[in-house]
Amino acid sequence: MFQLQYFTGSINLSGSLTVEENSKIYFDSTDTYIYASTGTHEDLYIGADDDLHLQPDDDLIIYAGGTQYVRFFGAEETVRIGGNNTTTAPTSKLEVAGN
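What counts, and at which threshold
- Each chain has its residues counted from 1, running along the sequence as written.
- It should be noted that, the model being predicted, local features are given only for residues of pLDDT at least 70 and side-chain atom pairs only at 80 or more, the latter also being counted only at that level, while totals for whole chains, interfaces and linings use all residues.
- To get the side-chain values, all heavy atoms of the structure are used, and hydrogens and water are removed first.
- Numbering goes from the N terminus for both helices and strands, where a helix is a DSSP run of H or I of at least four residues and a strand is a run of E of at least two.
- Contacts: residue pairs with any heavy atoms within 4.5 Å of one another.
- One bridge is not enough; two strands pair if DSSP finds at least two bridges between them.
- Axis angles are defined between N-to-C directions and span 0 to 180 degrees, where every axis is a line fitted to C-alpha atoms and, for a helix, only to the segment in contact.
- Think of it this way: a Phe, Tyr or Trp ring, Trp meaning its six-membered ring, pairs with another when their centres are within 6.5 Å, and the plane angle makes it stacked under 30 degrees, edge-to-face over 60, tilted otherwise.
- Throughout this description, buried means an accessible area under 20% of the type-specific maximum (1.4 Å probe, protein chains only), exposed means over 50%, and partly exposed covers the range between.
- Each reported salt bridge corresponds to a side-chain nitrogen of Lys or Arg within 4 Å of a carboxyl oxygen of Asp or Glu.

Peer 1: Got a minute to help me understand unusual backbone geometry in this structure?
Peer 2: Comment: phi is negative for the bulk of residues other than glycine, and the bulk of peptide bonds are trans. The backbone of Asn 22 shows a phi angle near 65°, a positive value even though the residue is not glycine. Assignment of secondary structure puts Asn 22 in the segment before strand S1 (24–27).

Have a look at this one:
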């Protein structure tokens, strides 16, 4: 059995943080969390009570394995789906490779 600990202020770590299997990290309530599924190949789940905002300083890139599927070019406000993995933004708002 574990003992629940409460902290006030910031917590700084100088190493890794490991969350055990079947455990979640909650933010404010149980409606907003991050957790990994169990099994050999875990899936990562992010749950939000309302909206989910992704705010990178530059591009947002989505991969499956080693394949880049989509890149949102932040500064240029353009999107590339499929095709090459170049970091040069497309000239149109949306570029889709293939059919």
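So, next bit.
Peer 1: Please explain the side chain of Ser 37 as it appears in this structure.
Peer 2: Note on placement: Ser 37 falls in the loop between strand S2 (29–36) and strand S3 (44–47). Those residues in contact with Ser 37 that lie beyond four places of it in its chain are Glu 42, Asp 43 and Tyr 45.

Peer 1: How should the sheet that holds S3 be read in this particular structure?
Peer 2: Adjacent strands of a sheet pair through backbone hydrogen bonds, lying either parallel or antiparallel. If you trace the 3 strands from one edge of the open sheet to the other, you get S1-S2-S3, paired in antiparallel fashion. Edge positions in the sheet fall to S1 and S3, since each of these pairs with one other strand and no more. Averaged over neighbouring strand pairs, the angle between their axes works out to 25° when direction is ignored. Sheet analysis places S1 next to S2, joined by 4 bridges and oriented antiparallel. Following the sheet pairing, Phe 27 is matched in S2 by Ser 29.

Peer 1: When you look at the packing of aromatic side chains in this model, what are you seeing that I'm missing?
Peer 2: For any pair of aromatic rings, the description consists of the separation of the ring centres together with the inter-plane angle of the planes. With the rule as written, the count across this model stands at 2 aromatic pairs. Summarising the aromatic geometry, the rings of Tyr 33 and Tyr 35 are spaced 5.7 Å apart at their centres and angled 45° between planes, so their arrangement reads as tilted. Assessed through its relative accessible area of 24%, Tyr 35 is described here as partly exposed. Aromatic side chains Tyr 35 and Tyr 45 sit 4.8 Å apart centroid to centroid with 10° between the ring planes, which places their arrangement in the stacked category. Of this pair, Tyr 35 sits in strand S2 while Tyr 45 sits in strand S3, placing them 10 residues apart in sequence. Residue Tyr 45 is classed as partly exposed on the basis of its relative accessible area, which comes to 36%. A network of ring pairs unites the aromatic residues Tyr 33, Tyr 35 and Tyr 45 as a single cluster.

Peer 1: Mind showing me how you'd approach the pattern of salt bridges here?
Peer 2: Proximity of charged atoms lets side chains of opposite charge pair with each other. Going through the model one piece at a time under the given rule, you end up with 3 salt bridges. A salt bridge links Arg 71 to Asp 59, with the nearest nitrogen and oxygen atoms 3.0 Å apart. Pair noted here: Arg 71 is in strand S5 (residues 67–73) and Asp 59 is in the loop between S3 and strand S4 (60–64), with a separation of 12 residues, a long-range link. Across this residue pair, the class does not change: Arg 71 and Asp 59 are buried. A salt bridge links Glu 77 to Lys 93, with the shortest nitrogen-to-oxygen separation between them at 3.9 Å. Taken together, the residues span a long stretch of sequence, with Glu 77 in the loop between S5 and strand S6 (78–81) and Lys 93 in the loop between S6 and strand S7 (94–96) at a distance of 16 residues. Residue Glu 77 is classed as exposed on the basis of its relative accessible area, which comes to 59%.

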